[in-house]
Amino acid sequence: MSLSKYNMEKENLSVVLHSQGDLRLEQRPIPEPGPNEVLLQMHSVGICGSDVHFWQNGRIGDYVVKKPMVLGHEASGRVVKVGSAVKNLKEGDRVAVEPGVPREIDEFFKSGKYNLSPTIFFCATPPDDGNLCRFYKHSANFCYKLPDNVTYEEGALIEPLSVAIHACRRAGVTLGSSVLICGAGPIGLVCLLVAKAMGASQVVITDLSADRLVMAKELGAEFPLTVKREDGPEELAKRVEGLLGAQPHITIECTGVESSVQTAIYATRPGGVVVLVGLGAAMTTVPLLNAALREVDIRGVFRYCNTWPIAIAMLASKKVNVAPLVTHRFPLEQAVQAFETTRQGQGVKIMLKCDKTDQNP
C-alpha cells in the first residue's frame, strides 16, 4: 500500500504509555522525515522487559514517564520516504533500527562509546518516543539495510542480540572460554547464542524456570541448572564448579537479583570477569572483598554500541539463529493483549506485527 493512501487514511496507530498502568492505542500524525532521516513503515517490533516495566511502574530508575510516550525499541521496517540529504538508503529498503542515536559529537561519541553519551536519544526511554506504531522516522545513519536472507523479525531481534554482543565483548569471551550465564530470559538466551558463536566451549545457564532452561538446552547450553529462590549463593557457586569441573572464566549476570549477583562473584575463577547486564536495586550488597582479593573484574554494560553490522553479518551467515526465540505474534491492534502476555511471563519473545498488509516473519 502506498504512502499516499496511508496519508489519506491518516493511519498511524501507535502504542502510547500515558502514565503508570495506562497503556493506550491511539492515532498519531505520520511524521515528516528531516534531511538526514528516513520514514519507516514499521513491520516487526519486539516487546522488551523494559517496555513492560515502564507500563507497570511508570519509571526505571531515574527515567520517569512524565508525558505520553510511544513504547517499543526492538524494531525493523521498510523505508517509505527518504530525507533530502540521505545517501545510504532508498525507498523500499528493509532495515533494522538501532534505537540509540547520539545528539552531539561529545568525547564519548569521538571515542566510539556513543552509548555513554549523556544526551543520547533512545527509543522509548522517557521522554523519547519509541517505534511501536505504523510509521516512524529515524536517523538514516542508525538504520541498517537487511540482506534478503534476514527476515524482519530477525532484524527486530538485533536489538536484544546487540546487548549480548556488547556484553560478551566486554566479558572477553573467546575460543575455549567457560561461561556462567545467570538468567535464561530473552537476554540470557541471546548471551548464550553469542557466547557460543564467539567460541565459548562450555556454558552453564541458570534460571528458576525449568521451561526456559528447556529452550536454553535446545539453543546449545551444555549445563542448564534449575535454581530455587532459597538456594545459597556460595552453594550455587560450588554446583556450577561441579558441573564444569572448574570455575568459569566468565559470568554474565542477566537477572539483577542480589543473590544472583553474589553467586556470579563467588562462582567466577580468580582473574576472571563478571559482567552485569541485568538491572536490579540501586544499592546491591555484594561480596566485594571476595572479588577484589581474587582479582575478579566486575564490569558494567549499558546497552551497546557498534553492534548492528556485526549482528547482521552473524545472522546473514547463519552463525547465529535467533528465530526460535519468537514464541508469540500479535497484530499491532492487539498490543494490550500482547503486553499482558509478556507481563505474565508467557513464552520468550513476543513480536508485534505493525504492517496490516504483511504479517509474515
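An unreviewed UniProt entry annotates the protein chain as Sorbitol dehydrogenase of Oncorhynchus kisutch. The Cofactor (unreviewed entry) comment attached to the protein chain in UniProt states, word for word, "Zn(2+)". The heading Sequence similarities (unreviewed entry) in the UniProt record of the protein chain holds the text "Belongs to the zinc-containing alcohol dehydrogenase family."

**Q** Looking at this structure, I do not really get the pattern of salt bridges. What am I missing?
**A** Pairs can form between side chains of opposite charge whenever their charged atoms are close. Overall, the coordinates contain 20 salt bridges when judged by the stated rule. Residues K353 and E153 are paired through a salt bridge, measuring 2.8 Å at the closest nitrogen-oxygen approach. You can see K353 sitting in strand β20 (residues 349–353) and its partner E153 sitting in helix α4 (residues 152–156), a full 200 residues away along the chain. Judged on exposure class, the residue K353 and its partner E153 are both buried.

**Q** Would you mind showing me how to read the pairing of strand β14 (residues 202–207) here?
**A** Among the 6 residues of β14, 5 are classified as buried, and the element is accordingly described as predominantly covered. Of the strand pairs in this sheet, strand β13 (residues 178–182) and β14 are connected by 5 bridges, and their pairing is parallel. Each residue of the ladder has a partner; that of I181, found in β14, is I205. Examined bridge by bridge, β14 and strand β15 (residues 223–226) share 4 bridges and lie parallel to one another. Paired with V204 across the strands is F223, a residue of β15. One crossover worth recording links β14 to the parallel β15 by way of helix α7 (residues 210–218), and it is right-handed.

**Q** Where do I start with the pairing of strand β19 (residues 326–331) in this structure?
**A** Bridge analysis of β19 against β20 gives 5 bridges, and the strand direction is parallel. Within β20, the residue paired with P331 across the bridge is K353. Since β19 and β20 lie parallel, the crossover through helix α12 (residues 335–343) that links them has a hand, and here it is right-handed.

**Q** Looking at this structure, how should I read the nonpolar core?
**A** With 94 residues, the main nonpolar core has L40, L161, I181, L189, I252 and F339 as its most contacted residues. The dominant element in this core, judged by the number of residues it contributes, is helix α5 (residues 158–171), at 8 residues. If sequence neighbours within four positions are ignored, I181 has contacts with G188, C191, L192, V203, V204, I205, T206, I252 and C254. Core analysis: the next-biggest nonpolar cluster, separate from the first, contains 15 residues, C182, L244, A264 and V274 among them.

**Q** Mind showing me how you'd approach the UniProt feature "domain: Enoyl reductase (ER)" (unreviewed entry) in the protein chain here?
**A** Listed under "domain: Enoyl reductase (ER)" (unreviewed entry) in the UniProt record, and renumbered for this structure, are residues 21–352. When the span residues 21–352 is considered, its composition is 30% helix and 25% strand, and the gap between its end C-alpha atoms is 19 Å.

**Q** Help me out: how do you make sense of the packing of helix α2 (residues 49–57) against α12 in this one?
**A** A packed helix pair is summarised by two numbers, namely the angle formed by the two axes and the spacing between the axes. Here α2 crosses α12 at 100°, and the two axes come no closer than 10 Å. For the element pair α2 / α12, the angle class is roughly perpendicular. Listed contacts from α12 to D51, V52, W55 and Q56 of α2 are F339, E340, T342 and R343.

**Q** Just checking my understanding: could you explain the packing of aromatic side chains for this structure?
**A** For any pair of aromatic rings, the description consists of the separation of the ring centres together with the inter-plane angle of the planes. In the structure shown here, the tally under the stated rule is 5 aromatic pairs. Summarising the aromatic geometry, the rings of Y114 and F142 are spaced 5.8 Å apart at their centres and angled 80° between planes, so their arrangement reads as edge-to-face. Of this pair, Y114 sits in the loop between α3 (107–110) and β10 (121–122) while F142 sits in the loop between β11 (135–139) and β12 (143–145), and the two are 28 residues apart along the sequence. Across this residue pair, the class does not change: Y114 and F142 are buried. With 6.3 Å between their ring centres and 25° between their planes, Y144 and W308 make a pair best called stacked.

The rules we used
- Residues numbered from 1 in each chain as written.
- Predicted model: local features only at pLDDT ≥ 70, side-chain atom pairs only at ≥ 80, totals over all residues.
- Heavy atoms only, no water.
- UniProt positions renumbered as here; feature names shortened; annotations may be inferred.
- Salt bridge = Lys/Arg side-chain N within 4 Å of Asp/Glu carboxyl O.
- Helix = DSSP H or I, 4+ residues; strand = E, 2+ residues; numbered from the N terminus.
- Buried < 20%, exposed > 50% of the residue type's maximum accessible area, 1.4 Å probe, protein only.
- Pairing = 2+ DSSP bridges.
- Right-handed = clockwise from strand over helix to strand, strands pointing away.
- Core = buried A, V, L, I, M, F, W, Y, C linked by side-chain atoms within 4.5 Å.
- Contact = heavy atoms within 4.5 Å.
- Axes fitted to C-alpha atoms, helices over the stretch in contact; angles between N-to-C directions.
- Parallel < 35°, antiparallel > 145°, perpendicular 65-115°, else oblique.
- Phe/Tyr/Trp six-rings, centres within 6.5 Å; stacked < 30°, edge-to-face > 60°.

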